[in-house]
Amino acid sequence: GEPDKTFDDDGEWVIKVIFDADNEDVKKMQKQIIAYNKEQPDYNKDAVMYPWGPYKNDDKEVVEGKVCFKFKRKAIVKKDGKRVANQPPRVVDSAGAPWINCPLGGGSTVQVGYQMLPYTGFGKVGISLRLVSVRVLELKEYKVEVEWGDYTGSSKAPEVSTQAPVEEDDIPVGNVDDEDDEF
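Residues numbered from 1 in each chain as written. Predicted model: local features only at pLDDT ≥ 70, side-chain atom pairs only at ≥ 80, totals over all residues. Heavy atoms only, no water.

Trainee: Any chance you could explain the packing of aromatic side chains here in plain terms?
Mentor: What characterises a pair of aromatic rings is the spacing of the ring centres plus the angle enclosed by the ring planes. As enumerated under the stated definition, the model contains 5 aromatic pairs in all. Plain terms: the ring middles of Phe19 and Phe69 are 5.5 Å apart, the flat faces sit at 85 degrees to each other, and that makes the pair edge-to-face. Here Phe19 is found in strand β1 (residues 12-20), whereas its partner Phe69 is found in strand β4 (residues 62-74), with 50 residues between them in sequence. On the accessibility criterion, Phe69 (0% relative accessible area) is buried. (Phe/Tyr/Trp six-rings, centres within 6.5 Å; stacked < 30°, edge-to-face > 60°. Helix = DSSP H or I, 4+ residues; strand = E, 2+ residues; numbered from the N terminus. Buried < 20%, exposed > 50% of the residue type's maximum accessible area, 1.4 Å probe, protein only.)

Trainee: Can you walk me through the pairing of strand β3 (residues 52-56) in this structure?
Mentor: As a general feature of sheets, a regular strand has side chains that alternate between the two faces. Of the pairings in the sheet, the one linking β3 to β4 comprises 4 bridges and is antiparallel in character. Directly across from Trp52, in β4, lies its bridge partner Phe69. Linking β3 back to β4 in an antiparallel pair, the connection comprises 5 residues, with Lys60 at a positive phi of about 65 degrees. (Pairing = 2+ DSSP bridges.)

Trainee: Mind showing me how you'd approach the pattern of salt bridges here?
Mentor: Side-chain pairs of opposite charge can arise whenever the charged atoms involved come near each other. Applying the stated criterion to the full structure yields 4 salt bridges. The closest approach of N and O atoms between Arg83 and Asp10, which form a salt bridge, is 2.8 Å. With Arg83 in strand β6 (residues 82-85) and Asp10 in the segment before β1, this pair connects stretches of sequence that are 73 residues apart. Its salt-bridge partner being Lys66, residue Asp20 comes within 2.5 Å of it at the nearest N-O pair. Here Asp20 is found in strand β1, whereas its partner Lys66 is found in strand β4, with 46 residues between them in sequence. Lys66 gets classed as partly exposed once you look at its relative accessible area, which sits at 33%. (Salt bridge = Lys/Arg side-chain N within 4 Å of Asp/Glu carboxyl O.)

Trainee: Please clarify how the pairing of strand β5 (residues 76-79) should be interpreted in this entry.
Mentor: Both β5 and β6 contribute to a ladder of 4 bridges, which runs antiparallel. Residue Ile76 lies in a different strand from β6, and its bridge partner there is Ala85. Hairpin connection from β5 to β6: 2 residues lie between these consecutive antiparallel strands, with Asp80 at a positive phi of about 55 degrees.

Trainee: Just checking my understanding: could you explain unusual backbone geometry for this structure?
Mentor: The general pattern is negative phi for most residues beyond glycine and trans for most peptide bonds. In this structure, Lys60 is a non-glycine residue whose phi angle is positive, near 65 degrees. Residue position: Lys60 is located in the loop between β3 and β4. Look at Lys60 and you get exposed, because its relative accessible area is 66%.

Here it is as structure tokens:
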């Protein structure tokens, strides 16, 4: 799919994966990242950023026993001092065939290929989990659902009184700019 531009104007591909916090493979991965951080020249235990955090449900409540890892890949990278488009992560189905453009929804089961990349900046040191590939084992398709509720009225637009004519010059420009995409 297209890169997400929510937090980066250039865009990035992001997948958040939820794990059981007591899973031995997860603990091993966390220990590996902590050890990798400690090897960095600018390591300061009070200024470390980790690519995981507590999992929060849709109501922003922490779900006990779960941990959320963030894997990402920048859409634009610097190469030889120039900004160039990065390749998207490779996405395949459970048999290894290229993925059709169907958005993954929460609850999908995936395997993630990644690289650990150290970074420093703004007085922080950390490890970013660079998204390389995704294998979709079980799809839960992303769907936007709207609950309209019951409607007991007219579907006809209300009539507008023409007693006070409005001239074209009286119509305000409005306050929605071209970049507003909240519709």
